[in-house]
Amino acid sequence: EPEVTQTPSHQVTQMGQEVILRCVPISNHLYFYWYRQILGQKVEFLVSFYNNEISEKSEIFDDQFSVERPDGSNFTLKIRSTKLEDSAMYFCASSTSRDRGYEQYFGPGTRLTVT
Amino acid sequence: RKEVEQDPGPFNVPEGATVAFNCTYSNSASQSFFWYRQDCRKEPKLLMSVYSSGNEDGRFTAQLNRASQYISLLIRDSKLSDSATYLCVVRTASKLTFGTGTRLQVTL
């Protein structure tokens with residue numbers, strides 16, 4: 001069964017450093033997403049991406065965040081200057097189309113720890 | 001009012017029991033509805049989409065009432081492996097909005 005993959009599984013970084021989180025969505029999917037989950041809290045939407053541009057973003061997704069699809073398979077989330085409050089689990093997701101109501105399938109996540 | 005509201009539980013039930021979870025959502029423009037399950041420190045996994053006509057997948061039955069903005073999930077014949085957090089999720093445009101989840105613990 002095809003699945004979304006993410007690397008690394010755990011990233012530790014110092015405050016102010018840049019991090020890039022990587023995702024490989026399911027191969028025939030066209031829509032890509034990033035979510036985050038702070039420990040003990042609910043999953044929160046960050047951004048959606050389709051046809052090489054951002055479709056929608058939340059208030060969390062400020063100028064410190066950017067997304068890119070650098071090639072035909074990878075989808076990345078960059079945080080330019082990490083803050084302590086960026087510590088969270090970051091999930092990538094993908095979906096195929098409006099068929100089946102845009103069912104989104106999630107990767108295993110990258111745990112980001114900012115020290 | 002929270003965008004998606006769920007009873008956090010925990011619901012502790014014996015194996016074989018039937019358990020029901022409810023959820024309400026505030027945005028009447030929401031377009032699609034789902035139940036996901038999440039195991040501790042893992043990713044949300046899609047359990048089922050929810051339709052107004054009601055839908056069933058094995059032991060799981062989901063129902064949507066758009067007028068009341070209410071979603072439900074019924075689990076019959078609970079198994080130990082059903083122990084997890086069940087997330088009520090609504091889609092508006094491309095964004096999924098999650099509830100905080102209802103914790104289910106199935107015991108022997």
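See above for the structure.
Criteria and cut-off values
- Residues numbered from 1 in each chain as written.
- Chains lettered and ligands numbered in written order.
- Predicted model: local features only at pLDDT ≥ 70, side-chain atom pairs only at ≥ 80, totals over all residues.
- Heavy atoms only, no water.
- Phe/Tyr/Trp six-rings, centres within 6.5 Å; stacked < 30°, edge-to-face > 60°.
- Helix = DSSP H or I, 4+ residues; strand = E, 2+ residues; numbered from the N terminus.
- Buried < 20%, exposed > 50% of the residue type's maximum accessible area, 1.4 Å probe, protein only.
- Contact = heavy atoms within 4.5 Å.
- Buried area = accessible area lost by both parts, 1.4 Å probe.
- Salt bridge = Lys/Arg side-chain N within 4 Å of Asp/Glu carboxyl O.
- Nonpolar A, V, L, I, M, F, W, Y, C, P; charged D, E, K, R; others polar.
- Pairing = 2+ DSSP bridges.
- Axes fitted to C-alpha atoms, helices over the stretch in contact; angles between N-to-C directions.

This part covers the packing of aromatic side chains. Residue and element names in this part refer to chain A. Following the criterion strictly, the structure yields 18 aromatic pairs over all chains and no others. Summarising the aromatic geometry, the rings of Tyr31 and Tyr102 are spaced 5.2 Å apart at their centres and angled 90° between planes, so their arrangement reads as edge-to-face. Of this pair, Tyr31 sits in strand β4 (residues 31-37) while Tyr102 sits in the loop between β9 (88-95) and β10 (105-106), and the two are 71 residues apart along the sequence. According to the relative accessible area criterion, Tyr31 is buried, its value standing at 14%.

This part takes up the interface of chain A and chain B. Each partner contributes residues to the interface: chain A has 22 residues there, and chain B has 20 residues. Taken together, both faces of the contact between chain A and chain B bury some 1700 Å²; the carbon and sulfur share is 55%. Remark: the boundary between chain A and chain B carries zero salt bridges. Of all the secondary-structure elements, those providing two or more residues to the side of chain A that touches chain B are β4, β5 (43-50), β6 (53-57), β9 and β10 of chain A. Among the residues forming the side of chain A that touches chain B, the class breakdown is 11 nonpolar, six polar and five charged.

Residue and element names in this part refer to chain B. Burial along strand β11 (residues 102-107) is one-sided: Thr102, Leu104 and Val106 are buried, and none of Arg103, Gln105 and Thr107, which face the opposite way, are. Note that strand β2 (residues 11-14) and β11 share four bridges and pair parallel. Bridge pairing in β11 links Val13 to Val106. Note that strand β9 (residues 84-92) and β11 share three bridges and pair antiparallel. Within the sheet, the bridge partner assigned to Ala84 lies in β11 and is Leu104.

Let's shift gears to unusual backbone geometry. Here Thr7 of chain A and Pro8 of chain A are connected by a cis peptide whose omega angle stands at -10°. You can see Pro8 of chain A is positioned in the loop between β1 (5-7) and β2 (10-13). Along the chain, Gly9 of chain B connects to Pro10 of chain B via a cis peptide bond; the corresponding omega equals 10°. Residue position: Pro10 of chain B is located in the loop between β1 (4-6) and β2.

Turning our attention to the sheet that holds strand β8 (residues 75-79) of chain A. Residues and elements named next belong to chain A. Ordered by their spatial adjacency, four strands build an open sheet running β1-β3-β8-β7, and the pairing between neighbours is antiparallel. Among the strands making up the open sheet, the edge pair consists of β1 and β7 (65-68). Ignoring which end each strand starts from, the neighbouring axes of this sheet average 20° apart. Across four bridges, the pairing between β7 and β8 is antiparallel. Its bridge partner being in β8, Ser66 is matched across the sheet by Lys78.

Residues and elements named next belong to chain B. Examined against the element boundaries, Leu73 turns out to sit in strand β8 (residues 70-75). Leu73 sits 60 residues away from Val13 along the chain, and the two C-alpha atoms are 15 Å apart. Setting aside residues no more than four positions away along its own chain, Leu73 makes contact with Val19, Ala20, Phe21, Trp35, Leu47, Met48, Phe60, Thr61, Ala62 and Tyr86.

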